[in-house]
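# Geometric and topological summary
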Amino acid sequence: MKVQLPIVVKNEIISKKHVFETEERDFDVDMSLACQMRWETKFPELAKTETVVDYGQRTAKMSSTNAAVILSKLKFLYCLFDTEMSFIQFVKMFDFTSEDYVKGLIARIEEIFQLVLDSSSEKN
């Protein structure tokens with residue numbers, strides 16, 4: 001399954017103007033046991049106390065728009081996505097300087113969470 005997230009491709013000041021450009025990027029969602037393995041490898045301290053699905057369900061309930069909550073949700077998505085990039089590279093694709101962008105990003109994250117977590121609960 002593929003999902004799209006808005007990523008930042010340009011964020012700079014040019015001639016005293018803020019130039020902010022985004023584009024949609026496709027990500028492959030992998031809900032196999034490989035996502036749990038990525039979780040355990042990339043976030044071993046968190047994995048000691050909960051599975052990636054448990055973490056996703058817990059963070060899905062958080063409705064705050066602060067950076068810490070969004071970062072937590074990005075950890076879950078990162079483990080779902082079949083990607084070779086590091087977590088830092090993944091996080092650098094997103095930006096918090098544009099309020100409209102952040103609102104759109106949060107809405108898209110919530111859509112993906114609902115899609116994925118509803119699918120995983122149907123399996124149980």
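As shown above, the structure is provided for reference.
Predicted model, so just to flag it, every value in this text is computed and none were measured.

What counts and how
- Residues numbered from 1 in each chain as written.
- Predicted model: local features only at pLDDT ≥ 70, side-chain atom pairs only at ≥ 80, totals over all residues.
- Heavy atoms only, no water.
- Helix = DSSP H or I, 4+ residues; strand = E, 2+ residues; numbered from the N terminus.
- Rg over C-alpha atoms; globule rule 2.2 N^0.38 Å.
- Buried < 20%, exposed > 50% of the residue type's maximum accessible area, 1.4 Å probe, protein only.
- Pairing = 2+ DSSP bridges.
- Expected span 1.5 Å × (residues − 1).
- Disulfide = S-S within 2.5 Å.
- Salt bridge = Lys/Arg side-chain N within 4 Å of Asp/Glu carboxyl O.

### As for the overall build of the chain
Broken down by element type, the chain carries six helices and two strands. Listing the helices and strands of the chain from first to last along the sequence gives β-β-α-α-α-α-α-α. The C-alpha atoms of the chain give 15 Å as radius of gyration, which agrees with the globular expectation for 124 residues (14 Å, within 12%). Judged by the C-alpha coordinates and their principal axes, the chain covers about 55 × 25 × 25 Å. Expressed as a percentage of the 124 residues in the chain, the buried residues total 38%.

### Thoughts on the pairing of strand β1 (residues 2-14)
If a strand is regular, its side chains alternate between the two faces of the sheet. Across twelve bridges, the pairing between β1 and strand β2 (residues 17-28) is antiparallel. What sits directly across from E12, in β2, is V19. Following β1, the chain reverses through two residues before pairing antiparallel with β2; S15 in that reversal takes a positive phi of roughly 50 degrees.

### Details of helix α4 (residues 67-80)
Residues three or four positions apart in an α-helix share a direction because the helix packs 3.6 residues into each turn. With 14 residues, α4 ought to run about 20 Å at 1.5 Å a step, and its terminal C-alpha atoms sit 20 Å apart, in line with that. In terms of burial, α4 is largely enclosed, as eleven of its 14 residues are buried. Every buried residue of α4 is listed here: V69, I70, S72, K73, L74, K75, F76, L77, Y78, C79 and L80.

### Remarks on unusual backbone geometry
Although it is not a glycine, S15 sits at a positive phi angle of roughly 50 degrees. Mapped onto the secondary structure, S15 falls in the loop between β1 and β2. Residue S15 is classed as exposed on the basis of its relative accessible area, which comes to 70%. In this structure, K16 takes a positive phi of about 65 degrees despite not being glycine.

### Focus: the state of the cysteines
Using the criterion set out here, one finds zero disulfides in the structure. Take C35: it sits in no disulfide, and the sulfur closest to it among the cysteines is that of C79, at 7.3 Å. Judged by its relative accessible area of 5%, C35 falls in the buried class.

### Here's the deal with the pattern of salt bridges
Counted by the stated rule, this structure contains eight salt bridges. Linking K2 and D28 is a salt bridge whose minimum nitrogen-to-oxygen distance equals 2.6 Å. One end of the pair, K2, is in strand β1; the other, D28, is in strand β2, and 26 residues separate them in sequence. Judged by its relative accessible area of 55%, K2 is exposed. D28 sits in the partly exposed class, given a relative accessible area of 36%. Its salt-bridge partner being K103, residue E99 comes within 3.4 Å of it at the nearest N-O pair. Separated by four residues within a single helix, E99 and K103 lie in helix α6 (residues 99-123), roughly one turn from each other. Ionic contacts of the salt-bridge type, sharing partners, join the residues E24, R108 and E111 into one network.

Nothing here speaks to function; it is all geometry.
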